[in-house]
Structures are given as structure tokens and as C-alpha cells.
Amino acid sequence: MAMLHTVNKSPFERNSLNSCLTKSKEGSSILLIEDAVVGALKGTKVADDLTAAIANKNVYVLGSDLNTRGFTEADILDGIKTVDYAGFVDLVAEHSNVQSWL
Amino acid sequence: MSESIKKFMFVNTKAPYGTVYALESLEVVLISAAFDQDVSLVFCDDGVFQISNNQNTEASGMKNFSNAYKALGDYDINKLYVEKESLEERGLTLDNIMDLTYEDEDWAEKPSIKLVTRAELADLMDEQDVVISS
């Protein structure tokens, strides 16, 4: 089973999203939570990196953290799926392991 | 008294909610308003997210403190500088930013938000007596 990666820091402030994208395997899943959700927005300077990741990895964003910061599904890159807390739990249960990029 | 008025600038660089910096800075700003100083705020880097429109904390259960920024105008804090390049790097425009206003001496409603470039911001910071970053 594939690994689930969580990222919780803004890619504009830390390098953890880049570390995650470059060290995660094809077929693995990446979930953006807390301040990392702003990395999922359209038209940012990390959009190209995330778009490339979507081609061979599953990328998710935690919807409640996105709404908290003033954004909705309409504002994020095509191909990134929104999950709620129950979906977060499902992802953890479905994957063999979780790696938290802090 | 007028001699003791200093120019205070609060520079907000962090996204809200993930860390406590944004809320703490706002609290200090509101305290400073009580001392009749010349206060201005900057929102640059991830700080621009602090004043993004439509913040909805219902699902996350966090305290939504974004409405408090709307009160700044009532405390005569009406110089809110937003860095243009920071918006652009994040795929944002002024449409994503709250419409914060104040009333001037004739009770006319005026915008508090001022879009500035990185170079203009450097000049503004240079003019200050005190700069507090978070």
C-alpha cells in the first residue's frame, strides 16, 4: 500500500511542500492541511510543481482549513481533491503509513 | 503631546490560523490604538492571507478573528499597506482582500487598503520610528 504524506506549512514560507513533492513516490498521496492549503490555489508560484505532482500522485486538500482561510474548491487547482475530517481519517486508514512533513 | 507621537508600523508576514502570530499582532495593534500613535499596518508575504475575503471557520471550529480588522478604521488605524508582489505570487488580487474602510473627518467612507510595491514598502519602512514584525 502507498504512503500518505501530510504537509502543514505554507510553501511560500517553508520548503516542506517541495521536500514532500521531491521525495514522495508515484502513486502515493499528499494531503495539504493547516497553512499548507494555500499552496493549492490557482496561479501561485508553486502551481506548476503541484500540477506536475497531480499527474502521478493523489493530491488532497482539507476543505475546512481552506474555508477558514477564505477559499473554496473553486479557487484550487484542477485535479486536487477536497476532503473533510472524515475523509482525512479514511485516507489515514487506507494508506500503509503516514509521513508528516513539518 | 504632539512631539511624543511616533510612527509605528506593524508588519504582518504570516498566514492566519496555522500559527498564533496573526492574532497576537492584531491584539498589539488594537492596544497601540489606545496610545494615540501614528499606526500603520503592512500585509506582505503570507500576511496577505490574514485579510482574505470570506474566511469561514465553521467546519474547522477555530475562532474567526477576521472581522476584527474591520474595526481598525474606528480606532483611526487607516493605513493598511498590501504588497502587490505578495498578492501576485499567491495568485491573488485585491478582489480576494477584505474591503476595509474608515470614515474621514467629514464622515465620508474611504478605503483603508493601499496597494504598494515592494520598493514603495521599503521607503515606507524607512520612515518609521518603530517597526514591529511578526
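Residues numbered from 1 in each chain as written. Chains lettered and ligands numbered in written order. Predicted model: local features only at pLDDT ≥ 70, side-chain atom pairs only at ≥ 80, totals over all residues. Heavy atoms only, no water.

Novice: Hey, could you run me through the interface of chain B and chain A in this one?
Specialist: You'll often see interface size given as the accessible area lost when the parts meet. The partner chain A presents 18 residues to the 23 residues of chain B that form the contact. Both faces combined, the contact of chain B with chain A buries some 1,600 Å², and carbon together with sulfur accounts for 54% of it. Looking only at chain B, the three residues that lose the most surface to chain A are Phe 49, Glu 89 and Arg 90 of chain B, adding up to 27% of its buried area. Our count for the chain B to chain A interface comes out at 1 salt bridge. A salt bridge links Lys 45 of chain A to Glu 89 of chain B; its shortest N-O distance comes to 3.8 Å. Remark: the boundary between chain B and chain A carries 8 residue pairs in polar contact (both at pLDDT 80 or more). For the side of chain B that touches chain A, the per-class residue count stands at 6 nonpolar, 12 polar and 5 charged. (Contact = heavy atoms within 4.5 Å. Buried area = accessible area lost by both parts, 1.4 Å probe. Salt bridge = Lys/Arg side-chain N within 4 Å of Asp/Glu carboxyl O. Polar contact = N/O pair within 3.5 Å; in protein donor to acceptor, adjacent residues only side chain to side chain. Nonpolar A, V, L, I, M, F, W, Y, C, P; charged D, E, K, R; others polar.)

Novice: How should I be thinking about the pattern of salt bridges in this particular structure?
Specialist: Pairing of side chains with opposite charge becomes possible as their charged atoms draw close. Under the counting rule described, the total for this entry stands at 11 salt bridges over all chains. Among the ionic pairs, Asp 46 of chain B bridges to Arg 90 of chain B, the shortest N-O distance being 2.8 Å. Of the two residues, Asp 46 of chain B sits in the loop between β2 (38–43) and β3 (80–83) while Arg 90 of chain B sits in the loop between α2 (84–89) and β4 (101–103), which places them 44 residues apart along the sequence. Under the relative-accessibility criterion, Asp 46 of chain B is labelled buried at 1%. The salt bridge involving Glu 83 of chain B is made with Arg 118 of chain B; its shortest N-O contact spans 3.0 Å. Placement of Glu 83 of chain B in strand β3 and of Arg 118 of chain B in helix α3 (residues 118–126) is noted, with a sequence separation of 35 residues between them. Each of Lys 45 of chain A together with Asp 46, Glu 83, Glu 89, Arg 90 and Arg 118 of chain B takes part in one network of salt bridges that share partners. (Helix = DSSP H or I, 4+ residues; strand = E, 2+ residues; numbered from the N terminus. Buried < 20%, exposed > 50% of the residue type's maximum accessible area, 1.4 Å probe, protein only.)

Novice: Can you help me understand the environment of Asp 45 of chain B in this one?
Specialist: Residues and elements named next belong to chain B. Relative to the elements of secondary structure, Asp 45 occurs in the loop between β2 and β3. For Asp 45, a relative accessible area of 32% gives the class partly exposed. In this structure, the C-alpha to C-alpha distance between Asp 45 and Glu 83, residues 38 residues apart in sequence, is 7.8 Å. If we ignore the near neighbours within four places in the chain, the residues touching Asp 45 are Thr 13, Ser 86 and Arg 90.

Novice: Looking at this structure, I do not really get unusual backbone geometry. What am I missing?
Specialist: Among all residues except glycine, the phi angle is most often negative; among peptide bonds, the trans geometry is most common. All names here are of chain B. Unlike most non-glycine residues, Asp 36 shows phi in positive territory, near 50°. Among the secondary structure elements, Asp 36 is positioned in the loop between α1 (21–32) and β2. Of note in the backbone geometry, Asn 54 takes a positive phi value of approximately 60° without being a glycine. Tracing the chain through its elements places Asn 54 in the loop between β2 and β3.

Novice: Where do I start with the side chain of Arg 90 of chain B in this structure?
Specialist: What makes Arg 90 of chain B buried here is its relative accessible area of 2%. Within polar-contact distance, the side chain of Arg 90 of chain B engages the side chain of Glu 89 of chain B at 3.4 Å. Among residues more than four places away in sequence, those in contact with Arg 90 of chain B are Phe 12, Leu 41, Lys 42, Gly 43 and Thr 44 of chain A together with Asp 45, Asp 46, Val 48 and Phe 49 of chain B.

Novice: Honestly, helix α1 (residues 16–23) of chain A in this entry has me stumped. Any pointers?
Specialist: Note that an α-helix has 3.6 residues per turn; residues three or four places apart therefore point the same way. Buried within α1 of chain A we find Ser 16, Leu 17, Ser 19, Cys 20 and Leu 21 of chain A. Where α1 of chain A is buried, its residues contact β1 (3–7), β2 (29–32), α2 (47–54) and β5 (97–101) of chain A.

Novice: Before we go on, may I ask you to explain the sheet that holds strand β6 (residues 113–116) of chain B in this structure?
Specialist: Sheet strands associate in pairs through backbone hydrogen bonding, adopting either a parallel or an antiparallel arrangement. All names here are of chain B. Read across the sheet, 5 strands follow the order β6-β3-β2-β1-β7 without closing on themselves; strand pairing throughout is parallel. The strands lining the two open edges of the sheet, one partner per strand, are β6 and β7 (130–133). Put simply, the sheet's adjacent strands are angled 25° from each other on average, direction ignored. With 4 bridges joining them, strand β1 (residues 7–12) and β7 adopt parallel strand pairing. Bridge assignment links Met 9 to a residue of β7, and that residue is Val 131. Sheet strands touched by α3: β1, β2, β3, β6 and β7. Its angle to β6, the strand with the most contacts, is close to 115°. (Pairing = 2+ DSSP bridges. Axes fitted to C-alpha atoms, helices over the stretch in contact; angles between N-to-C directions.)

Novice: What is the right way to read the packing of α1 of chain A against α2 of chain A from this model?
Specialist: Between two packed helices, what matters for the description is the angle formed by their axes and the separation of those axes. Residues and elements named next belong to chain A. Their axes nearest at 11 Å, the elements α1 and α2 cross at an angle of 30°. The angle between α1 and α2 places the two elements in the roughly parallel class. Regarding α1 and α2, the two cross each other, and that crossing is left-handed. Between α1, through Leu 17, Asn 18 and Leu 21, and α2, the contact on the second element is made entirely by Asp 49, Leu 50 and Ala 53. The residue makeup of the contact of α1 with α2, split by class, is 4 nonpolar, 1 polar and 1 charged. (Parallel < 35°, antiparallel > 145°, perpendicular 65-115°, else oblique. Left-handed = near helix turned anticlockwise from the far one by under 90°.)

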